[in-house]
Amino acid sequence: MTPTGLSHGGTVPPIRYVGMLRSVASWAKVARELIIALRNAGVHVCVQERADDRFDPDFQLPVQVAEVLRTSCQVPDAAHVTVTFSEPGDYAQLPMGSASIGLLAWEASQWPDDWLAAARRHASRIVVPSAFPAQTLVDSGFPRERIGVVPHGVDQARFSPGDRQPPGSRELLTLLFVGTPARRKGLDVLVEAIRQAFPGGGIRLVVKMAPYTDAESRPYLDPLWRNRLATLEAGGHQVDIIDEVISEQDMAQLYRAADLLCHPFRGECFPLPFLEAMACGTPLLCTAWSGPLDLLDAETALLVPPAGQVPAAPMLPEPGIVPPTATMAEPDLSAVVRQLRTADDRRDLLGLLGGRAHRLVLDWTWAAAAEHLVREARIAFAQAGAQGPPAAMDMITPKL
């Protein structure tokens, strides 16, 4: 084990990441950022790369991650804590070892039974990014004592207000959506709300859409999203679609150029664009449900209450494993309309919310996320019987 400068002191078990790195997928980005932050903290990290769904062999890795990939692991497998973003159904085929952490995200009210069984059998701990999936894990029957919470972070040197114009100060209200055409993301709700809130046109909507070359084979994606946006253009709104991979610097510019990040979602675990937008001083409009409520309230965002619950299975990539009673939240369309009108009528409020959002997110760093993960690794190592119980000071209690 390697001594580190982490604030709670003590030794840290070496960490081996098993999973995908070369991808625009959010979990691959989280993995890259955690590897860099762990390495910067002096933790011994090695990687066993996998080519999972949406793997891109041409993806350009950060220099620090590429260096880790080039370096062979110098610590025996049994001495590591294995960390993976892979689905629990794959755990049996992975080199999980005696101490392991499954990093998972789940947006519905109930977890798949097969995932729970595999996680019980093969993982020391399951770690999620927010209180919502932690609580739904408990509600689904997973042992509370084997659950940890490691919030995501944001690179605040890259994502910052810079010299941006204050939100709401532009003549043309500019709304931004960043994500995928997944039905759970709620782009259809946003489009309809814009149409109803501004029937005469005059709004700019920028859509940064993750590229999919096989969208037609993924039924959880909305095949009509481009048609929906075309109806806005026909109604006198300006719509800009960016559906190619762009740099982090360009993403930061997109956030700074927006007055409001709009995500009336049906289910989210904890989306990175929320943190990135807030770090850039851009306020949010989103559904008041699930993971983002760890961070957001009415003082920091324009929140939309759920109108009710809807079946989760059609919203997720593997509907066959989703429990039939699992649900997500349907955002209240009329409330989205009201909040959009508020955003246009109260431009001063957008500036106020953007400033609050920026100040709030200052503590949400990748260094802090890495420290949380190190604490989870200590617990996993202890739970696997590899060492004595960690000091109570070293434990992080899930926010349940």
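Quick note: structure is the one above.
So, a few notes on the structure that sits alongside this text. Bear in mind that the values here come from a model prediction, so they are computed numbers and not experimental data.

**Side note on the overall build of the protein**
Working step 1: The helix and strand inventory of the protein stands at eleven helices and 16 strands.
Working step 2: For the protein, the spread of C-alpha atoms along the principal axes amounts to about 65 × 45 × 40 Å.
Working step 3: Considering the protein as a whole, with its 400 residues, one finds that 56% of them fall into the buried category.
Working step 4: Counting only contacts in the protein whose residues sit at least 6 apart along the sequence, the fraction spanning at least 24 positions is 72%.
Working step 5: Accessible surface computed for the protein: about 16100 Å², of which carbon and sulfur atoms make up 52%.
Working step 6: If the 36 positive side-chain charges of the protein are averaged to one point and the 45 negative ones to another, these points end up 2 Å apart.

**Here's the deal with the packing of helix α5 (residues 187–197) against helix α9 (residues 333–345)**
Working step 1: One can describe the packing of α5 onto α9 by two numbers: an axis separation of 9 Å at closest approach and a directional angle of 60°. On the basis of their axis angle, the class for α5 and α9 is oblique. In this structure, α5 crosses over α9, and the sense of that crossing is right-handed. On the side of α5, the interface is formed by Val189, Glu192, Ala193, Ile194, Gln196 and Ala197, while α9 contributes Leu333, Val336, Val337, Leu340 and Arg341.
Working step 2: The residue inventory of the contact of α5 with α9, partitioned by class, reads eight nonpolar, one polar and two charged.

**A look at the pairing of strand β9 (residues 174–179)**
Every other side chain in a regular strand lies on the same face of the sheet, so the side chains alternate between the two faces.
Working step 1: Of all six residues in β9, six are buried; the element is thus mostly enclosed.
Working step 2: Of the two faces of β9, both are covered, the one formed by Thr174, Leu176 and Val178 as well as the one formed by Leu175, Phe177 and Gly179.
Working step 3: Pairing geometry for β9 and strand β10 (residues 204–209), over six bridges, is parallel. Note that in β10 the partner of glycine 179 across the bridge is methionine 209.

**Brief notes about unusual backbone geometry**
Working step 1: One non-glycine residue, arginine 54, adopts positive backbone phi at about 75°.
Working step 2: Looking at the secondary structure, you find arginine 54 in the loop between β4 (45–49) and α2 (63–70).
Working step 3: One non-glycine residue, serine 290, lies in positive phi territory at about 65°.
Working step 4: Mapped onto the fold, serine 290 is located in the loop between β13 (284–287) and β14 (301–304).
Working step 5: Judged by relative accessible area, which is 8%, serine 290 ranks as buried.

**Things to note about empty space enclosed by the protein**
Working step 1: Summed over the entire model, instances satisfying the criterion amount to two cavities of 30 Å³ or more.
Working step 2: Estimates place the volume of the largest cavity at around 60 Å³.
Working step 3: If you trace the largest cavity, you find it lined by Ile15, Tyr17, Ala31, Leu34, Ile35, Leu38, Val45, Val83, Leu103 and Leu373.
Working step 4: Broken down by secondary-structure element, the contributors of at least two residues to the lining of the largest cavity are β3 (15–19) and α1 (26–40).
Working step 5: Looking at the lining of the largest cavity element by element, the count peaks at four residues for α1.
Working step 6: Split into classes, the residues belonging to the lining of the largest cavity amount to ten nonpolar, no polar and no charged.
Working step 7: Approximately 30 Å³ is the volume attributed to the second largest cavity.
Working step 8: Along the walls of the second largest cavity sit Pro88, Leu104, Trp111, Trp115, Leu116, Ala119, Ile126 and Leu137, which together make up its complete lining.

**Describing the sheet that holds strand β8 (residues 147–149)**
Working step 1: The strand order across the open sheet formed by six strands is β4-β3-β5-β6-β7-β8, and the pairing between neighbours is parallel. Each edge of the open sheet is held by one strand with a lone partner, namely β4 and β8. Neighbour-to-neighbour, the strand axes of the sheet open up by a mean angle of 25°, direction not taken into account.
Working step 2: With five bridges joining them, β3 and β4 adopt parallel strand pairing. If you follow isoleucine 15 over to β4, its bridge partner there is valine 45.

**Thoughts on the state of the cysteines**
Working step 1: By the definition in use, this model includes one disulfide.
Working step 2: Here cysteine 46 pairs with cysteine 73 through a disulfide, and the sulfurs are 2.4 Å apart. Across the S-S bond linking cysteine 46 and cysteine 73, the dihedral sits near -60°, which makes this disulfide left-handed. Of this pair, cysteine 46 sits in strand β4 while cysteine 73 sits in the loop between α2 and β5 (81–84), and the two are 27 residues apart along the sequence.

**Let's talk about the pairing of strand β12 (residues 260–263)**
Working step 1: Neither face of β12 is open: one carries Leu260 and Cys262, the other Leu261 and His263, and all of them are buried.
Working step 2: Bridge analysis of β9 against β12 gives two bridges, and the strand direction is parallel. Directly across from leucine 176, in β12, lies its bridge partner leucine 261.
Working step 3: Note: β12 against β13, three bridges, orientation parallel. Each bridged residue has a counterpart across the sheet, and for leucine 261 the counterpart in β13 is leucine 284.

**Notes on helix α10 (residues 347–360)**
Working step 1: Compared with an ideal rise of 1.5 Å per residue, which puts 14 residues at 20 Å, α10 spans 20 Å between its outermost C-alpha atoms and is within 8% of the ideal.
Working step 2: Within α10 the residues assigned to the buried category are Arg347, Leu349, Leu350, Leu353, Gly354 and Ala357. For α10, the buried positions fall inside an angular range of 140° around the axis, keeping them on one side. Residues of α10 that are exposed and point more than 90 degrees away from the buried face comprise Asp348 and Arg359.
Working step 3: On its buried face, α10 is in contact with β12, α8 (272–279), β14 and α9.

What counts as what
Sequence positions are assigned chain by chain, starting from 1 and proceeding in written order. pLDDT decides what is reported in this predicted model: residues at 70 or higher carry local features, side-chain atom pairs at 80 or more are listed and counted, and totals for whole chains, interfaces and linings draw on all residues regardless. Hydrogens are left out, water is left out, and the side-chain values use all remaining heavy atoms of the structure. Helix and strand definitions follow DSSP, with helices as H or I runs of at least four residues and strands as E runs of at least two, each counted in order from the N terminus. Buried, partly exposed and exposed residues are distinguished by accessible area as a fraction of the type maximum, computed with a 1.4 Å probe on protein chains only: under 20%, between the cut-offs, and over 50%, respectively. We call two residues in contact whenever any of their non-hydrogen atoms come within 4.5 Å of each other. Computed by Shrake-Rupley with a 1.4 Å probe, the accessible areas treat only the displayed protein chains as cover when residues are assessed. When charges are tallied, Lys and Arg are placed among the positive residues and Asp and Glu among the negative ones, while His and the ends of the chain are skipped. Where a charge lies is defined by one atom per residue type, namely NZ (Lys), CZ (Arg), CG (Asp) and CD (Glu). Axis definition: a line fitted to C-alpha atoms, limited for helices to the stretch in contact. Angles are taken between N-to-C directions and run from 0 to 180 degrees. Working definition: roughly parallel below 35 degrees, roughly antiparallel above 145 degrees, roughly perpendicular at 65 to 115 degrees, and oblique for all remaining angles. Crossing handedness is defined as follows: a turn of the near helix away from the far one that is anticlockwise and smaller than a right angle gives a left-handed crossing, while the clockwise case is right-handed. Each residue is assigned to one class: nonpolar for Ala, Val, Leu, Ile, Met, Phe, Trp, Tyr, Cys and Pro, charged for Asp, Glu, Lys and Arg, and polar for all the others, Gly among them. Strands are labelled as partners when DSSP assigns at least two bridges between them. Buriedness for pockets is judged along seven lines, at least five of which must meet protein on both sides within 12 Å for an open set on the 1 Å grid over protein atoms alone, while cavities are sets there where a 1.4 Å probe fits but cannot get out, and lining residues have an atom within 4 Å of a point. Grid points are joined across faces, edges and corners, and a volume is the space filled by probe spheres set on the points. When two cysteine sulfur atoms are found within 2.5 Å, that pair is recorded as a disulfide. What a helix is expected to span follows from its residue count: subtract one and scale by 1.5 Å. Note that the arc is defined by the directions from the helix axis to the C-beta atoms.

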